[in-house]
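Overview (structure and organization)
Okay, here's what each chain looks like letter by letter:
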Amino acid sequence: MATFLYRLGRTAFRRRRLFLLIWLAVLVAVGVGAATASKPATKPFSIPGIEAQKAIDLLDERSPDSGGGGAVARVVFETEDGLRIDAPHNRAAVEKTITALDGTPEIASISDPFSPATVSDDGSVAYTTVEYLVGADVLQDSTRDTLEAAVDQGEAAGLTVEVGGDALEAEMSVGNGEIIGIAIAAVVLAITFGAMIAAGLPLLTAILGVGIGIAGITAVAGIFDLSESTSTLAMMIGLAVGIDYALFIVSRYRNELRLGREPEEAAGRAVGTAGSAVVFAGLTVVIALAGLAVVNIPMLTEMGLAAAFTVVIAVLVALTFVPVLLGFAGKRIFGRKHRKRLAQQPAERAPEKPNMGSRWARFVLRRPVMVLAASVIGLGVVAVPVASMDLGLPDDGAKSTDTTQRRAYDILSDSFGPGFNGPLMLVVDTAGVSDGQAAVDTVRERVAGLKPSVAKVGEAGFNEAGDLATVMVTPATNPSDPKTKDVVHDIRDVLKDVRAETGAETLVGGSPALAIDFSQKLNDALIPYLILVVGLAFLLLIAVFRSILVPLKAALGFLLSVLAALGAVVAVFQWGWLGGLLGVETTGPIMSMMPIFLVGVVFGLAMDYEVFLVTGMREAFVHGQSPREAVVSGFRHGARVVTAAAIIMIAVFAGFIGASDAMIKMIGLGLAAAVLFDAFVVRMAIVPAVLALLGKSAWWLPKWLDRILPNVDVEGDSLNKHIEAQAAGNAPPPDHDREPVRI
């Protein structure tokens, strides 16, 4: 493969104008496709296979009008004068607000705010539920403006008016995350390369790759019915790996120029060697992201596949567009002073001076046990909070107190009880039951017997056919309280007995049950997902490194990184540590998909650093250096670039911590922490320490396995033979470079 990539790199360098036109044509094509694509249809959040989802599906099937499916606004009124909400002047203010909403074309219904169930016990709070005909993402701006104007009228009359639900939900915003990340990346690249052209090239290629990836996703969003959040992860990952992959090839190109090679030859060798590492690093990321499909959650599958597509684009851009820009840059990839030195001394073949990377490697080689113990213990301490991690789905209670949704949530919780914002919905299937009403009464009676865990059991409502009933149950605790999980399990246990007695099956739904079932589904999928993704990547890395222990060490180090990153997330978002500094106003459960999501993304990124750093060691070892010197050589040439790449990724991900959405904020912190731990603790400390202790046995591979494995030649050994043979005039055909490297 190295020989093929070498030829590809030289061809792109030589025919750079043609390749440039091709990429610009692709960008224009997907841009036009995105601009003219139809918007995806609104679809509800769906989690196949869980009981809460089955309750929703059954309700939609038997009583389609009851679910609505449109946006909801729960308008909450609170008095400020100490009088009851139904006092004449307060009632007039409430009615004036509701009258202002009447006639809005997209409103389906408005409930009575003065019924006994919608007024608090002390009479100071009332609410009305406004249901819309369409989803929140397609509500007209005029409809939202009408709602806001009605709220203003209520406040002008002396009431506190807040709006919960999703009707006024702001679009998901990631703040200035991309801009901050790119700005920091530019500074890091300028320091790393000392030349503006070299610093700008990875940024330009990454922006091109992300632009094509996001535009491509947008273009097909309507066809495949993708959600609006699908491209969020693709933007994060695409920007980070796009910069990193270009960075590694540019760095190798500069090294080849220092050795006196002509620019075209240097570009070919850079793509043939560093490009091979890019291909396999990208492949591990794609495996990890695409593997999210095994969880069988549509949103997670969409995000994983979209991000994997963007990574593929980043790899293609690195292999075919980076050499194009190198062709235009030539030797200007160096600063002016460096070019003058190269002109005076074209080939830097003298023994290389120690740098920070080689000095650090020698320090670790002298004290491998101490470094290994300190690194493992340190990551273990950071991972301690994972033991108390609670999983759930974010609701209005997790939003900032600056939002009207959060204020409405707090007023309702204080006035109607903590469980009011997260009621459970019992869906009773009475089809085929001789006395459906008696069966439903039995359900209500048994669930009411669970007090005080259950605060209230509502009246039953039947559909038109009379074969399905719904009963609303209010827990005594708020939706994110662990006790609510116990209540759900207790209700389900009781309902099993009711089914045996009456024949009526009852499904427990509602937002708390959905969150509990979602978390359980993800937990059940985590181990199979790990086995699939880590297993495939382990086999791939065996072929890349031709070793058993090196891939095993890489996988174990990754687990340490993930656990430490999850520990940091729990400490901030659940325990509240550094919450004020990071803009986390409210603590609560960790997003249910965070563990499996972090595993998928971080595994791919961790293997990036493993491939880029260890391939240098592998190359030095294959070319005759001792195992210890190979470690030093790998760090001499790779540590600076890997460090820069890690800082860039951390900057990109940390930029998303400023997002307004709690989920994006949590993902940004988790990914930034994971890259920090993996790059600077696992790869820079644990990897050289373990290799120092293993010595030559680190590169051991059974002979029978060595014979059957394909030779991917990531260290470029067969490429060197091909170039030497070509120089001698008898270059072998491309298929002759598959002879395995023997150790």
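These remarks concern the structure in this document.

Each value, and the rule that gives it
- Residues numbered from 1 in each chain as written.
- Predicted model: local features only at pLDDT ≥ 70, side-chain atom pairs only at ≥ 80, totals over all residues.
- Heavy atoms only, no water.
- Phe/Tyr/Trp six-rings, centres within 6.5 Å; stacked < 30°, edge-to-face > 60°.
- Helix = DSSP H or I, 4+ residues; strand = E, 2+ residues; numbered from the N terminus.
- Buried < 20%, exposed > 50% of the residue type's maximum accessible area, 1.4 Å probe, protein only.
- Lys NZ or Arg CZ within 6 Å of the ring centre and 35° of its normal.
- Pairing = 2+ DSSP bridges.
- Polar contact = N/O pair within 3.5 Å; in protein donor to acceptor, adjacent residues only side chain to side chain.
- 1 Å grid on protein atoms, 1.4 Å probe; cavity = no way out; pocket = protein on both sides within 12 Å on 5 of 7 lines; lining within 4 Å.
- Points joined across faces, edges and corners; volume = space filled by probe spheres on them.
- Nonpolar A, V, L, I, M, F, W, Y, C, P; charged D, E, K, R; others polar.
- Axes fitted to C-alpha atoms, helices over the stretch in contact; angles between N-to-C directions.
- Parallel < 35°, antiparallel > 145°, perpendicular 65-115°, else oblique.
- Left-handed = near helix turned anticlockwise from the far one by under 90°.
- Contact = heavy atoms within 4.5 Å.
- Patch = residues over 30% accessible without salt bridge, like charges linked within 9 Å, V, L, I, M, F, W, Y side chains within 5 Å.
- Areas by Shrake-Rupley, 256 points an atom, 1.4 Å probe, with all protein chains shown as cover.
- Salt bridge = Lys/Arg side-chain N within 4 Å of Asp/Glu carboxyl O.
- Expected span 1.5 Å × (residues − 1).
- Arc of directions from axis to C-beta.

1. Observations regarding the packing of aromatic side chains
Scanning the entire structure with this criterion turns up ten aromatic pairs. Considering the side-chain rings of Phe 558 and Phe 603, the 4.8 Å spacing of their centres and the 80 degrees angle between planes classify their relative orientation as edge-to-face. Taken as a pair, Phe 558 in helix H20 (residues 549-574) and Phe 603 in helix H22 (residues 594-622) lie far apart in primary sequence, 45 residues in all. A residue is classified by how much of its surface remains accessible, and Phe 558, at 1% relative accessible area, is buried. An angle of 65 degrees between the planes, with centres 5.2 Å apart, marks the rings of Trp 575 and Trp 577 as edge-to-face. Between Arg 74 and the ring centre of Tyr 127, over which it is positioned, the NZ or CZ distance is 5.3 Å.

2. Structural notes on the pairing of strand S8 (residues 468-475)
Most of S8 sits inside the fold, with six of its eight residues counted as buried. Here strand S7 (residues 454-462) runs beside S8; their pairing, made up of six bridges, is antiparallel. Across the sheet, residue Val 457 finds its bridge partner in S8, namely Val 473.

3. Re the side chain of Thr 273
Turning to its location among the elements, Thr 273 is positioned in helix H10 (residues 263-290). At a separation of 2.6 Å, a polar atom in the side chain of Thr 273 contacts the main-chain carbonyl oxygen of Arg 269.

4. Describing empty space enclosed by the protein
All told, the structure shown has two cavities of 30 Å³ or more when counted by the stated rule. Here the largest cavity defines a volume of roughly 40 Å³. Lining the largest cavity are Thr 205, Ala 206, Gly 209, Gly 238, Gly 242, Ala 246, Ala 314, Val 317, Ala 318 and Val 322. Secondary-structure elements contributing two or more residues to the lining of the largest cavity are helix H8 (196-224), helix H9 (230-258) and helix H11 (298-320). A breakdown of the residues in the lining of the largest cavity according to their chemical character gives six nonpolar, four polar and no charged.

5. Considering the packing of helix H15 (residues 368-383) against H20
Orientation of H15 relative to H20, taken along the N-to-C sense of each, is 40 degrees, at an axis distance of 7 Å. Here H15 is positioned oblique relative to H20, judged by the angle of their axes. Viewed along their axes, H15 and H20 form a crossing whose handedness is left-handed. Contacts from Val 376, Leu 379, Val 382 and Ala 383 in H15 reach Leu 560, Leu 563, Ala 564, Gly 567 and Ala 568 in H20. Its residues assigned to classes, the contact of H15 with H20 shows eight nonpolar, one polar and no charged.

6. Section: a nonpolar patch on the surface
Taken together, Trp 575, Trp 577, Leu 578 and Leu 581 make up a surface patch of nonpolar side chains, about 510 Å² in accessible area. In this fold, Leu 581 is placed in helix H21 (residues 579-582). Its relative accessible area of 70% is what places Leu 581 among the exposed residues.

7. Remarks on helix H2 (residues 16-36)
Between its first and last C-alpha atoms H2 spans 30 Å; for 21 residues at 1.5 Å apiece the expected length is 30 Å, and the two agree. Along H2, the positions that sit buried rather than exposed are Phe 19, Trp 23 and Val 30. Along the axis of H2, the buried residues cluster in a sector spanning 35 degrees; they form a single face. Residues of H2 that are exposed and angled more than 90 degrees away from the buried face: Arg 17, Leu 21, Val 28, Ala 35 and Thr 36. Those residues of H2 hidden inside the fold are in contact with helix H1 (2-14), H8, H11 and helix H12 (322-329).

8. Some words on unusual backbone geometry
Of note, the amide linkage connecting Lys 451 to Pro 452 takes the cis form, showing an omega dihedral of 10 degrees. You can see Pro 452 is positioned in the loop between helix H17 (436-448) and S7. Unlike most non-glycine residues, Arg 546 shows phi in positive territory, near 50 degrees. For Arg 546, the position within the fold is in the loop between helix H19 (511-545) and H20. The exposure class assigned to Arg 546 is buried, which follows from its relative accessible area of 2%. Of note, the phi angle at Leu 578 is positive, near 60 degrees, even though the residue is not glycine. Inspection of the secondary structure assignment puts Leu 578 in the loop between H20 and H21.

These figures capture arrangement, not role.
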